[in-house]
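One-letter residues, chain by chain:
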Amino acid sequence: MNLLTIILSGFREIKAHWFRSALTMFGVICGVASLVTMAAFVKGKENLLRESLAQSGGLERITIESEDDLPDYQKHLEDEIRGITLKDVYALKNNAPLVYNVTPIIQKRSFRSDLRVTRKEKSTRFTLLQGTWPESLDIMDHEIEHGRMFSEIEDHLAKNVCVIGTEVRNSLFGEYDENGETIVPIDETIFINYKPFKIVGMLKEYMTEADRKKKEEAKKNKGATQRGFDWRSMRYKDSNSRRSMIVYSSKNSTILIPLNTLVSKLDSSFESGSKMDRSLSELTMKIFDVSLLEKSLQQVRNVLLRTHNGLEDFEFETQESFADDITQAIYNERTSGMFIAGICLLVGGIGIINIMLSSISERVREIGIRKSIGATNLDMFSQILTESVVLAVSGGIIGLIASPFLIDALASYAPDTTPPIMTVESMFIGFSFSAITGSLAGLIPAIKAAKLDPIEALRYD
Amino acid sequence: MPLLELRDIHKTYYLGGETIRALDGVTLDIDSGEFISIIGPSGSGKSTLMHIIGCLDSPTSGTINLDGVMIHNASARQLASIRNKKIGFVFQFFNLLPKLTVRQNVELPMIYSGFSSKERRERAMNALESVNMEDRSKHRPSQLSGGQQQRTAIARALVNNPKIIFADEPTGNLDSNTGERILQMFDKLHTEGKTVMLVTHDPEIAAVTPRRIEIRDGKIANEIDPKLSGQTPRFNIGTKN
């Protein structure tokens, strides 16, 4: 008996009891569809997290911040704390060859109320002012879309120039003018703490790939007057996604000005002495080789211990913890998703076993007849097994066809979630799982059919 | 050499500690082209005998040689192949598969012997023609009368051109007219040279065959064989009294 004939007879069985078969298949359909859907949502989230990791400078970026809390054995030296200063920057530039682009940053945030960014009667909320060097463009993974970055000379001369993020533009100028054109406020003047600053450049708008697509579509559909996105509305509810959204929104709300300008013109707390002693908010740099992270950190630590006279009043922050969080979150979601889909498939498989067993007791006579006219035990075994596999695989295929619709439905029902991405692997896995479920579920009934004694089976009513 | 050679066949069942001798030393030769009936009351062992000769069951002891193959110690796989190629069964309850059409039912044995679908169709139609069922080939068994169903079953038994055809109470589920026509069909097969074995409890039906073997308590109790005794068979279908 060849395979095609067996498969055809499997389909005939399904057709003969189509309602029962549909109910049986439903379990497998649910299992496969939920597996593929789950994988799509997890993949969507994974992509978002990975993009945001790259957006915040990648694994190569390390940051050093001041730490007021000294280790126990240095507690008595708390008076000596000076924080991170430009001295450290130069020391690292000269003495730590494993790192590059060492960049000082002094930050001010508008919600701490020591920063006010205004233009006419408009002002911004949640703005991040960074006084820094031109190198910070690379280290923060910024990209200038219009205009230019301020130069080293402007930094040296403490010029009132700034580079703004798109969210700052949106607050002070609006995103589109009355003709629907994007506003580019280069050479306009804004006021930072009531001092005029000339805009020399604007950063590009940072957003996830998926959101960029959505925005372009929205622009096409609803015309340019539509405000595409409001980053502050916090579209993402769970902590990891929110963290990655903060990466995007804070980059968009950034104003970059020369470090010198900030220190000499905006800094009320800075009283006297050398600029070299001004304590920095943070110091950020990149390492040449991520695999040498530990060594690089040790080198930086050695240099800083020297400039800080042995005081450990600084701490490192690497992106590694973020990366670990991402890996952990993805792992968790995958595991729970697989677990749920696995339960669905298990239930589907049990449904198949159940139906095949009851169909065999219905078909005892048929099995007897087939054996009496020459079917071997193996023939009966493969017939029942194939029927079960055909049932499960048909369910699997329907499940695959259904999953894009399910994904769309879920995504539109719950817009809070990250945009799902359907992957070929997950479809392949779902399909193979349905085939495996079918063969495992068919095993017991098939053995039962093969073992049936033809005389008993023929006598059976 | 006879087509079928049974030597001292025993079949013993153990049911709840009790030993049942269904067959108790049956020795029998059947030649090619014979028309035989096995007769006996229910429980006599005639069905067991047919199952054993028909390769559905194995004897407890004794040897069987069917067309040169020792089937008493053949494997399940060999037995299936013998059932498929050398034996045709006709049952009391027709035993057609209700979901298949008449033609598909007749094709069924050939599916297990590996014919191409074109060949299967051709041979099935030929077999149906020989039982005058060719115009019903697309019907389902439920749409046929009992006689038509039994003729389909005969076509199915014939389709692989078997060495021997077993008919187990083939008229038991038919009215007497239809039953007679089925018996005539077996007689026709016999005159065409087929070996046919009827199994029945009814002496009237057994009377159509030249050779009759009566089984009682698992033993051959009586045998009428024209070759041995020169008796002429009483062949008078339709004159029951």
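Residues numbered from 1 in each chain as written. Chains lettered and ligands numbered in written order. Predicted model: local features only at pLDDT ≥ 70, side-chain atom pairs only at ≥ 80, totals over all residues. Heavy atoms only, no water.

## Things to note about the overall build of chain A
Helices and strands together make up the secondary structure of chain A, namely 15 helices and 12 strands. Here chain A holds 461 residues, and 49% of them are scored as buried. A total accessible area of about 22,400 Å² is found for chain A, and carbon and sulfur atoms account for 57% of it. (Helix = DSSP H or I, 4+ residues; strand = E, 2+ residues; numbered from the N terminus. Buried < 20%, exposed > 50% of the residue type's maximum accessible area, 1.4 Å probe, protein only. Areas by Shrake-Rupley, 256 points an atom, 1.4 Å probe, with all protein chains shown as cover.)

## Considerations on the packing of aromatic side chains
A full pass over the atoms with the stated rule returns six aromatic pairs over all chains. Consider the rings of Trp 18 of chain A and Phe 19 of chain A, whose centres lie 5.6 Å apart with planes at 75 degrees: the pair is edge-to-face. By relative accessible area, Trp 18 of chain A is classed as exposed at 59%. Among the aromatic residues, those joined into a ring-pair cluster are Phe 89, Phe 91 and Phe 166 of chain B. (Phe/Tyr/Trp six-rings, centres within 6.5 Å; stacked < 30°, edge-to-face > 60°.)

## A closer look at the confidence of the model for chain B
All names here are of chain B. Looking at chain B as a whole, the pLDDT averages 85, with 94% of positions reaching at least 70. Under a pLDDT of 50 for its full length, residues 233-241 has, in the predicted model, 14 contacts with residues more than four places off or in other chains. With pTM at 0.69, the complex prediction returns an ipTM value of 0.88. (pLDDT = per-residue confidence, 0-100. Contact = heavy atoms within 4.5 Å.)

## Quick notes on the interface of chain A and chain B
Every contact between the two is made by 26 residues of chain A and, on the other side, 23 residues of chain B. Among the residues of chain A in contact with chain B, Ile 369, Ile 373 and Ile 455 of chain A are the three that bury the most area, contributing 28% of the side total. Remark: the boundary between chain A and chain B carries one salt bridge. Between Glu 366 of chain A and Lys 99 of chain B there is a salt bridge, and its shortest N-O distance comes to 3.9 Å. Viewed at the interface, chain B and chain A are joined by four residue pairs in polar contact (both at pLDDT 80 or more). Those elements giving two or more residues to the side of chain A that touches chain B turn out to be helix 1 (3-16), helix 12 (364-372), helix 13 (377-413) and helix 15 (454-459) of chain A. Considering every element that reaches the side of chain A that touches chain B, the biggest residue donor is helix 12 of chain A, with six residues. Split by residue class, the side of chain A that touches chain B holds 10 nonpolar, seven polar and nine charged. (Buried area = accessible area lost by both parts, 1.4 Å probe. Salt bridge = Lys/Arg side-chain N within 4 Å of Asp/Glu carboxyl O. Polar contact = N/O pair within 3.5 Å; in protein donor to acceptor, adjacent residues only side chain to side chain. Nonpolar A, V, L, I, M, F, W, Y, C, P; charged D, E, K, R; others polar.)

## Let's talk about helix 3 (residues 86-95) of chain A
Among the residues making up helix 3 of chain A, those that are buried are Leu 86, Asp 88, Val 89, Ala 91 and Leu 92 of chain A. Elements that come into contact with the buried residues of helix 3 of chain A comprise strand 1 (61-66), strand 2 (99-109), helix 9 (259-266), strand 11 (282-287) and helix 10 (293-307) of chain A.

## Points about the sheet that holds strand 5 (residues 69-70) of chain B
Residues and elements named next belong to chain B. In spatial order, the strands read 2-1-4-5; together these four strands make up an open sheet with antiparallel pairing. Whereas interior strands pair on both sides, the edge strands pair on one side only; in this sheet they are strand 2 (18-30) and strand 5. Pairing geometry for strand 1 (residues 4-15) and strand 2, over 10 bridges, is antiparallel. Each residue of the ladder has a partner; that of Glu 5, found in strand 2, is Asp 29. Lying over the sheet, helix 1 (residues 46-53) contacts strand 1, strand 2 and strand 4 (61-66), oriented at roughly 120 degrees with respect to strand 1. (Pairing = 2+ DSSP bridges. Axes fitted to C-alpha atoms, helices over the stretch in contact; angles between N-to-C directions.)

## Some remarks on the pattern of salt bridges
Scanning the model with the defined rule gives 26 salt bridges over all chains in all. One salt bridge in this structure joins Arg 103 of chain B and Glu 107 of chain B, with 2.4 Å as the shortest N-O distance. Of this pair, Arg 103 of chain B and Glu 107 of chain B both sit in helix 3 (residues 102-111), four residues apart, roughly one helical turn. On the basis of relative accessible area, Arg 103 of chain B is assigned to the buried category, the value being 17%. Salt bridges sharing partners connect three or more residues here, namely Arg 363, Glu 366, Arg 370 and Glu 387 of chain A together with Lys 99 of chain B.

## Description of the pairing of strand 1 of chain A
Examined bridge by bridge, strand 1 of chain A and strand 11 of chain A share five bridges and lie antiparallel to one another. By the bridge assignment, Ile 64 of chain A is partnered in strand 11 of chain A with Leu 283 of chain A.

## Re the environment of Gln 148 of chain B
Residues and elements named next belong to chain B. Structurally, Gln 148 can be placed in helix 5 (residues 146-158). On a C-alpha basis, the gap between Gln 148 and Asn 132 in space is 9.1 Å, while along the polypeptide they are 16 residues apart. Sequence-distant contacts of Gln 148, defined by excluding residues within four places in its chain, comprise Met 133 and Arg 136.

## Some points on the packing of helix 5 of chain B against helix 6 (residues 176-191) of chain B
Residues and elements named next belong to chain B. Packing of helix 5 against helix 6 leaves a shortest axis separation of 10 Å and a crossing angle of 20 degrees. If you check the angle between helix 5 and helix 6, you find them roughly parallel. Considering the relative orientation of helix 5 and helix 6, their crossing is right-handed. Counted together, Gly 147, Gln 150, Arg 151, Ile 154 and Leu 158 of helix 5 and Thr 178, Ile 182, Met 185, Phe 186 and Leu 189 of helix 6 form the full contact between these two elements. For the contact of helix 5 with helix 6, the per-class residue count stands at six nonpolar, three polar and one charged. (Parallel < 35°, antiparallel > 145°, perpendicular 65-115°, else oblique. Left-handed = near helix turned anticlockwise from the far one by under 90°.)

## Description of the sheet that holds strand 10 (residues 219-224) of chain B
As a general point, the strands of a sheet are linked pairwise by backbone hydrogen bonds and lie either parallel or antiparallel. All names here are of chain B. Overall, mixed pairing links the six strands, which are arranged 6-7-8-3-9-10 in an open sheet. The open sheet has two edge strands, strand 6 (87-90) and strand 10, and neither has a second partner. On average, each strand axis in the sheet is inclined to that of its neighbour by 20 degrees, with strand direction left out of account. Where strand 9 (residues 211-216) and strand 10 come together, five bridges link them in antiparallel fashion. By the bridge assignment, Glu 214 is partnered in strand 10 with Asn 222. Strands in contact with helix 2 (residues 76-86) are strand 6 and strand 7 (164-168); relative to strand 6, the strand with the most contacts, it is inclined by about 75 degrees.

## Quick notes on the state of the cysteines
The full count for this structure, using the stated rule, is zero disulfides over all chains. Here Cys 344 of chain A stays unpaired: no disulfide links it, and the sulfur of Cys 30 of chain A, its closest cysteine neighbor, is 6.2 Å away. (Disulfide = S-S within 2.5 Å.)

## Notes on the side chain of Gln 130 of chain A
All names here are of chain A. As for its position among the elements, Gln 130 is in strand 5 (residues 128-132). You can call Gln 130 buried: its relative accessible area is 3%. Of note is the side chain of Gln 130, whose polar atom sits 2.7 Å from the side chain of Gln 107. Those residues in contact with Gln 130 that lie beyond four places of it in its chain are Ile 105, Ile 106, Gln 107, Met 140, Thr 254, Ile 255, Leu 256, Ile 257 and Leu 262.

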